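Listed here are the chains, written in short residue letters.
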Amino acid sequence: MASATAKAAKTAASTFLQKGLPVITSPSANAYAPTAKWLLGTAGMVVGMIHVGGVTRLTQSGLSMTTWSPLGTRPPISKEEWQIEFNRYKQFPEWQQRQSMTIEEFQFIYAWEYGHRMLGRTVGLCFALPWMYFTARGKIPAGYQKRMVGLLTMGGTQGLVGWWMVKSGLGDDRRKEKNEIRVRPHRLAAHLSMAVATYGALLWTGFDVLGLPHQSKMIENVSKISKDALKHASRLRTGGIAVTGLTAVTIVSGAFVAGNDAGRAYNTYPKMDGQWIPTGMWDIQPWYQNLVSNTATVQWNHRVLGTSTAISALALAAVGGVSGTKAALVTPQVRKGLMAVGVAATAQMSLGIVTLLTYVPLGLAATHQVGSIVVFSSGLYLVHSLRYARPAVVRAAAKQFSQKSAAKSTTATTAATVAKP
């Protein structure tokens, strides 16, 4: 009897590792699947907004609109309206460096900035209106309303952070600058960080909702996994969190590179103009300003972080067991996540090097920014696929296993006592 029970448990564990925790996208199997698809669709729109924001920066369009209102305004249409807007732009510091600009060129940069702002408001509507609809239909899972409030707050705050960023390039204190007038790098980094955080929160919540049907049997399934498999999964989860966090830090460091236009300096690799550590990295006083405003420092930081991310991702994929004996210790979703992280991080590093060596052409630079989101997404997917190795789940599974073992022991003892003559 005990042998049959052990065999059944082993079979159940094997089945779990073979099938894993696949996303449930069918409404018949997951009543909240439409809600998850809406969240993931909104996350996709945020990626589009990040891309348009990157192109807006690369085309030097970010300071073309010098006013802001929460609901937005109608764009200029007639020649007179365009002239009024152009004259308003001429009152701000950037104009002193671009006085050869024609009104047609102004219309081009204005269109990018206007499109970026209106896309942000569109994303807000595409979140808020379906949220009200799904709430009315009872399609928001229990306990998720607070998340929805948090997501909406993050999105709304992003608009304020964006205007705070733009204002840093419009002040009179910038008029005497000889270098190209840009928004302050730390404000650009804050704006991008907020967008990436919002995207990550949307993506994670969407994954959570798609996996809700697995929740009820999660602890029971984990209690049947071997100690070796569970230990391996726990280590991978820790590594996945580290790689995903490193990816996020690398993205933020890229914002400082963009904010200082540092990609158009030191266009050699692997050394920076013949040096592993370039001179002048700590020329600015106070010293910490070098971390956000020194071209050499911000590019060196981004190189080191990008390389570290790629190497760490490849190492994690190799240790995790994309193939071979270790592959049998994890679920199919984990194997896919490991492969995605390794490939995406390597491709992103390669793209970054090509972008640098070719002096940051617009197309490659914009693709490189989106590539960072792909690496980040792969990391989130990997960590989420390892949710069965969360400490709280492991503790609960261990407790359940102990209780079952104690119950079996008690039953066996009782049976033995009764069997005695």
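Residues numbered from 1 in each chain as written. Predicted model: local features only at pLDDT ≥ 70, side-chain atom pairs only at ≥ 80, totals over all residues. Heavy atoms only, no water.

1. A word on the environment of Gly-280
1) Next: When you line up the elements, Gly-280 lands in the loop between helix H8 (227-259) and helix H9 (290-293).
2) Next: Judged by relative accessible area, Gly-280 falls into the partly exposed class, the value being 26%.
3) Next: The spatial distance from the C-alpha of Gly-280 to the C-alpha of Met-154 is 38 Å, given a sequence separation of 126 residues. (Helix = DSSP H or I, 4+ residues; strand = E, 2+ residues; numbered from the N terminus. Buried < 20%, exposed > 50% of the residue type's maximum accessible area, 1.4 Å probe, protein only.)

2. What to know about the environment of Arg-57
1) Next: For Arg-57, the position within the fold is in helix H2 (residues 33-58).
2) Next: Arg-57 gets classed as partly exposed once you look at its relative accessible area, which sits at 25%.
3) Next: Along the sequence, Arg-57 and Gly-259 sit 202 residues apart, while their C-alpha atoms lie 8.9 Å from each other.
4) Next: With sequence-adjacent residues up to four places away left out, Arg-57 is seen in contact with Leu-188 and Ala-258. (Contact = heavy atoms within 4.5 Å.)

3. Quick look at a nonpolar patch on the surface
1) Next: Together, Trp-282, Trp-287, Tyr-288 and Leu-291 give the surface a local cluster of nonpolar side chains, amounting to about 470 Å² of exposed area.
2) Next: In this structure, Trp-287 sits in the loop between H8 and H9.
3) Next: Take Trp-287: its relative accessible area is 52%, and that puts it in the exposed class. (Patch = residues over 30% accessible without salt bridge, like charges linked within 9 Å, V, L, I, M, F, W, Y side chains within 5 Å. Areas by Shrake-Rupley, 256 points an atom, 1.4 Å probe, with all protein chains shown as cover. Salt bridge = Lys/Arg side-chain N within 4 Å of Asp/Glu carboxyl O.)

4. Topic: the packing of aromatic side chains
1) Next: Applying the stated rule across the entire model yields 17 aromatic pairs.
2) Next: Centroid distance Tyr-89 to Phe-106: 5.2 Å. Interplanar angle 40 degrees. Geometry classified as tilted. Placement of Tyr-89 in helix H3 (residues 79-89) and of Phe-106 in helix H4 (residues 103-136) is noted, with a sequence separation of 17 residues between them.
3) Next: The class of Tyr-89 is buried, set by a relative accessible area of 1%.
4) Next: With a centroid separation of 5.7 Å and 50 degrees between ring planes, the pair formed by Phe-106 and Tyr-110 is classed as tilted. With Phe-106 and Tyr-110 both in helix H4, this residue pair falls 4 residues apart, about one helical turn.
5) Next: For Phe-106, a relative accessible area of 0% corresponds to the buried category. (Phe/Tyr/Trp six-rings, centres within 6.5 Å; stacked < 30°, edge-to-face > 60°.)

Interpretation note: all reported values are geometric properties and have no functional meaning in isolation.
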